[in-house]
Amino acid sequence: MAPADAHTDAGTGPAPQADTGAEDTLDLELSEEILALFGEDPPDTEAPHLPPGAPASPASPASPASPVPGGGGPAARARPAIGRAAASDLLDHPAAWRPVTTPAGVFQLVPVRLERDLAVLTRWMNDPAVAAFWELAGPEAVTAAHLRPQLEGDGRSVPCLGVLAGIPMSYWEIYRADLDPLARHYPARPQDTGIHLLIGGVHNRGHGVGTTLLRAVADLVLDNRPRCARVVAEPDLRNTPSVSAFLSAGFRFSAELELPEKRAALMVRERIHRAQL
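Residues numbered from 1 in each chain as written. Predicted model: local features only at pLDDT ≥ 70, side-chain atom pairs only at ≥ 80, totals over all residues. Heavy atoms only, no water.

Caption draft 1: Spotlight on unusual backbone geometry. In this structure, histidine 93 is a non-glycine residue whose phi angle is positive, near 55°. Inspection of the secondary structure puts histidine 93 in the loop between helix 3 (84-87) and strand 1 (100-102). Residue classification places histidine 93 among the partly exposed positions, given a relative accessible area of 36%. Look at glutamine 191: it is not a glycine, yet its phi comes out positive at around 75°. Tracing the backbone through its elements, the reader meets glutamine 191 in the loop between strand 4 (167-176) and strand 5 (193-199). (Helix = DSSP H or I, 4+ residues; strand = E, 2+ residues; numbered from the N terminus. Buried < 20%, exposed > 50% of the residue type's maximum accessible area, 1.4 Å probe, protein only.)

The following block contains the structure:
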């Protein structure tokens with residue numbers, strides 16, 4: 001998988017001098033996202049754990065006024081609490097990963113549900129700062145086409161909302177880098193796990209939030225995936241705030257990668273150096 005990037009927040013500066021990567025972070029403003037994220041949790045199925053104090057509301061079907069491709073009708077009403085991908089053991093069940101306390105607040109990854117989250121994610125993808133790197137600006141169908149292969153796939157990539165202090169504010173893709181096309185471009189190791197991200201709120205940019213969450217998510221991967229020795233990312237080299245955020249979060253710059261859609265910085269965080277970085 002090779003999405004584009006968005007900024008995190010560690011500030012700008014010269015690009016690092018050689019090491020290698022995954023995806024970046026970005027930021028946008030939100031408003032309906034709380035409704036979108038917490039608008040429904042079917043009572044008869046296992047729902048992901050939400051941060052303490054997270055708002056909840058009764059289940060509500062997708063609005064007929066803004067149909068979700070493949071999301072309406074009886075199938076949507078009977079949908080499971082988590083998708084097949086999120087339940088897959090290829091990534092050790094991200095839907096079951098518990099919330100963590102960070103300096104920015106309680107944070108949790110919540111697997112995406114297309115019918116619930118599409119409007120919010122589409123709005124984020126249309127933010128100019130995000131679109132410059134993710135290249136998914138356009139109607140909901142564009143975002144849906146990006147999400148659906150992951151949601152309906154074998155679980156090698158799981159799209160998630162990042163929920164901070166009860167507020168959905170970021171988008172993450174946790175993926176098996178060793179099973180991804182990225183593995184053709186760097187010396188991948190078994191169980192390498194990749195991260196793509198964007199920050200969906202201008203007020204969360206430039207204050208160290210991206211760095212804090214990158215460290216938290218890398219720790220979540222290492223805590224929940226004992227067979228994984230490395231977390232990798234490949235932000236666009238032009239996205240200096242994102243590269244800086246990865247460096248500040250304990251990743252090292254390993255190499256420049258010539259990918260089909262961009263020149264990337266291969267960023268690596270290794271389990272063996274976790275205590276030092």
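More follows now that the structure is in view.
Caption draft 2: Just the packing of aromatic side chains, in detail. Within the structure shown, the criterion is met by three aromatic pairs. Aromatic side chains tryptophan 134 and tyrosine 171 sit 5.6 Å apart centroid to centroid with 65° between the ring planes, which places their arrangement in the edge-to-face category. Residue tryptophan 134 is found in helix 5 (residues 128-134), and its partner tyrosine 171 is found in strand 4; the two are separated by 37 residues along the sequence. Like tryptophan 134, the residue tyrosine 171 is buried in the burial classification. Summarising the aromatic geometry, the rings of phenylalanine 246 and phenylalanine 251 are spaced 5.1 Å apart at their centres and angled 85° between planes, so their arrangement reads as edge-to-face. (Phe/Tyr/Trp six-rings, centres within 6.5 Å; stacked < 30°, edge-to-face > 60°.)

Caption draft 3: Geometry of the sheet that holds strand 4. With mixed pairing, eight strands are arranged side by side in an open sheet as 1-2-3-4-5-6-8-7. Of all strands in the sheet, those bounded by a partner on one side alone are strand 1 and strand 7 (252-258). Direction aside, the axes of adjacent strands within the sheet are offset by 30° on average. Relative to strand 2 (residues 105-111), strand 1 runs antiparallel, the two being bridged by three bridges. Within strand 2, the position partnered with threonine 102 by the bridge is glycine 105. (Pairing = 2+ DSSP bridges. Axes fitted to C-alpha atoms, helices over the stretch in contact; angles between N-to-C directions.)

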